[in-house]
Amino acid sequence: MHGYKKKYRYSFEAFSEECLFLYLRDMRYGRIYIEERSVMKLRMREKILLACLCSTLTALMIQTFLYQRASASLIYEQSENESFHTLENMQNELYTFFKNIESSLIEIYNDKEFIHDLGRNMESSELREEHYRRAYTLATENFSTSDGVVAVYVYNADHEIISTYRRAVTPKHNYPKDIYEDEDMYNGEKVREYVDSPAVNMLISSYYNPYREKNIVRFKSKYIIIPI
C-alpha cells in the first residue's frame, strides 16, 4: 500500500511536471503566435494606408494634370480671342484712317476752277501760276494735325508739278520739292506707274527719307479728266 502510494505520488508528480511543461510550451507558442499575428495585422494596415495614399496621390496628380490642360486651353482660347479682336479693331482703325485720307485728298477735285483748267489742257507754267497755293490749301483745310501730313504734291496728267506744300524745310525735316526729281530715291517710279495705269483706287506706297531717317508713307489719288 505504501509502495503503491509512493509510486502513485511519484507518477502524479511526474504527470504534473509534464503538464506544466506542456502548458508552458503552449503558452510560449501562443505568445509567439499572438506576436506574429500582431505583426501581420500591422503590415496589413500599412499596406492599406499605403494603398490609400497612392490612390489619393494618383487622383491629385490626375486632377492637377486635367486642370493644367483645361487652364492652358482656356488661356490659349482667351488669348486667341483677344488677339483676334485686337487685330480686328486695328484693321477697322486703319480702314477708317485710310478712308479719311482718301476723302481729304479727293476734296481737291471739288474745286471746279482747278478741274476746268486741267480739262482745257493749260500749260503747266500757267497752272503753277494760277494754282501755286493749291497744295497748301488742301493740306491746311482738309487735313488735321493728327493726320501727320508733312507734304502735299499736285501734278497734272503729264507728271509735271503744279503745287507743292512742305510742312517744314530744315536739315532734320526736309522733303523733296518734286518726287520725280530723283525717282530712285523718292520712289517716284511707283507713282508714275500708278498714274499711267487704269487703276482708280488710292495708291499707298512709301519711301525712305534720309533727312528724317525713317520711312514715309505716301498716299496717291488721281482723277480722270476728259479734256474739253
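Criteria and thresholds
Residues numbered from 1 in each chain as written. Predicted model: local features only at pLDDT ≥ 70, side-chain atom pairs only at ≥ 80, totals over all residues. Heavy atoms only, no water. Helix = DSSP H or I, 4+ residues; strand = E, 2+ residues; numbered from the N terminus. Contact = heavy atoms within 4.5 Å. Areas by Shrake-Rupley, 256 points an atom, 1.4 Å probe, with all protein chains shown as cover. Salt bridge = Lys/Arg side-chain N within 4 Å of Asp/Glu carboxyl O. Buried < 20%, exposed > 50% of the residue type's maximum accessible area, 1.4 Å probe, protein only. Phe/Tyr/Trp six-rings, centres within 6.5 Å; stacked < 30°, edge-to-face > 60°. Patch = residues over 30% accessible without salt bridge, like charges linked within 9 Å, V, L, I, M, F, W, Y side chains within 5 Å. Pairing = 2+ DSSP bridges. Polar contact = N/O pair within 3.5 Å; in protein donor to acceptor, adjacent residues only side chain to side chain. Lys, Arg positive; Asp, Glu negative; His and termini not counted. Charge placed at Lys NZ, Arg CZ, Asp CG, Glu CD.

K.L.:
Is there a simple way to think about the overall build of the protein chain in this case?
P.N.:
If you tally the helices and strands in the protein chain, you get 6 helices and 4 strands. The helix and strand sequence of the protein chain, counted from the amino end, reads α-α-α-α-β-β-α-α-β-β. Excluding contacts between residues fewer than 6 apart, the proportion of contacts in the protein chain whose partners are at least 24 apart in sequence is 50%. Carbon together with sulfur atoms contributes 57% to the accessible area of the protein chain, which is approximately 17600 Å² in total.

K.L.:
I'm lost on the pattern of salt bridges in this one. Help?
P.N.:
Where charged atoms of side chains with opposite charge meet at close range, the side chains can pair. Enumeration according to the criterion identifies 4 salt bridges in this entry. Among the salt bridges present, the one from Arg134 reaches Asp111, with a minimum N-O distance of 2.2 Å. Of this pair, Arg134 sits in helix α4 (residues 134-142) while Asp111 sits in the loop between α1 (2-105) and α2 (112-119), and the two are 23 residues apart along the sequence. Across the pair, exposure class does not vary: Arg134 and Asp111 are buried alike.

K.L.:
Could you clarify how one ought to interpret the packing of aromatic side chains in this entry?
P.N.:
Each pair of aromatic rings is reported with the distance of its centres and the angle of its planes. Evaluated as defined, the whole model comprises 7 aromatic pairs. When the ring of Phe98 is compared with that of Phe219, the centres are 5.8 Å apart and the planes differ by 55°; the resulting orientation is tilted. Pair noted here: Phe98 is in helix α1 and Phe219 is in strand β4 (residues 214-220), with a separation of 121 residues, a long-range link. For Phe98, a relative accessible area of 27% gives the class partly exposed. A relative accessible area of 22% means that Phe219 is categorised as partly exposed.

K.L.:
Would you mind going over a nonpolar patch on the surface with me for this structure?
P.N.:
Where nonpolar side chains cluster on the molecular surface, the patch consists of Ile62, Phe65 and Leu66 and spans about 300 Å² of accessible area. Within the secondary structure, Ile62 is located in helix α1. Assessed through its relative accessible area of 46%, Ile62 is described here as partly exposed.

K.L.:
Mind showing me how you'd approach unusual backbone geometry here?
P.N.:
Glycine aside, residues mostly have negative phi angles, and peptide bonds mostly take the trans form. A positive phi angle, close to 55°, is found at Asn187, a residue other than glycine. With respect to the helices, strands and loops of the structure, Asn187 is situated in the loop between α5 (183-186) and α6 (188-196). Judged by relative accessible area, which is 26%, Asn187 ranks as partly exposed. Phi is positive for Glu213, which is not a glycine, with a value near 55°. Mapping Glu213 onto the fold places it in the loop between β3 (203-209) and β4.

K.L.:
I keep staring at the pairing of strand β1 (residues 151-155) and nothing clicks. Help me out?
P.N.:
Regular strands show a simple pattern: their side chains alternate between the two faces of the sheet. With 5 bridges connecting them, β1 and strand β2 (residues 161-166) associate as antiparallel partners. Within β2, the position partnered with Val152 by the bridge is Tyr165. Between β1 and β2, which pair antiparallel in sequence order, lie 5 residues; one of them, His159, sits at a positive phi of approximately 65°.

K.L.:
Would you mind going over the side chain of Arg134 with me for this structure?
P.N.:
The exposure class of Arg134 is buried, given its relative accessible area of 18%. Excluding its chain neighbours within four sequence positions, the residues that come into contact with Arg134 are Ile108, Asp111, Phe114 and Ser163.

K.L.:
What should I look at first to understand α2 in this one?
P.N.:
Residue pairs three or four apart in sequence face the same way in an α-helix, which turns once every 3.6 residues. For α2, the set of buried residues is Phe114, Ile115, Asp117, Leu118 and Gly119. Capping the start of α2 is the job of one residue whose side-chain oxygen sits 3.2 Å from the backbone nitrogen of Glu113: Asp111. Positive backbone phi, at 55°, marks Asn121, one or two positions downstream of α2.

K.L.:
Please explain a negative patch on the surface as it appears in this structure.
P.N.:
A surface patch of like charges, here negative, comprises Glu113, Glu123, Glu126, Glu129, Glu130, Asp158 and Glu160. In terms of residue count, helix α3 (residues 124-130) provides more of the negative patch than any other element does, 3 residues in total. Along the chain, Asp158 falls in the loop between β1 and β2. Asp158 gets classed as exposed once you look at its relative accessible area, which sits at 57%.

By themselves, these observations are geometric and do not establish any function.
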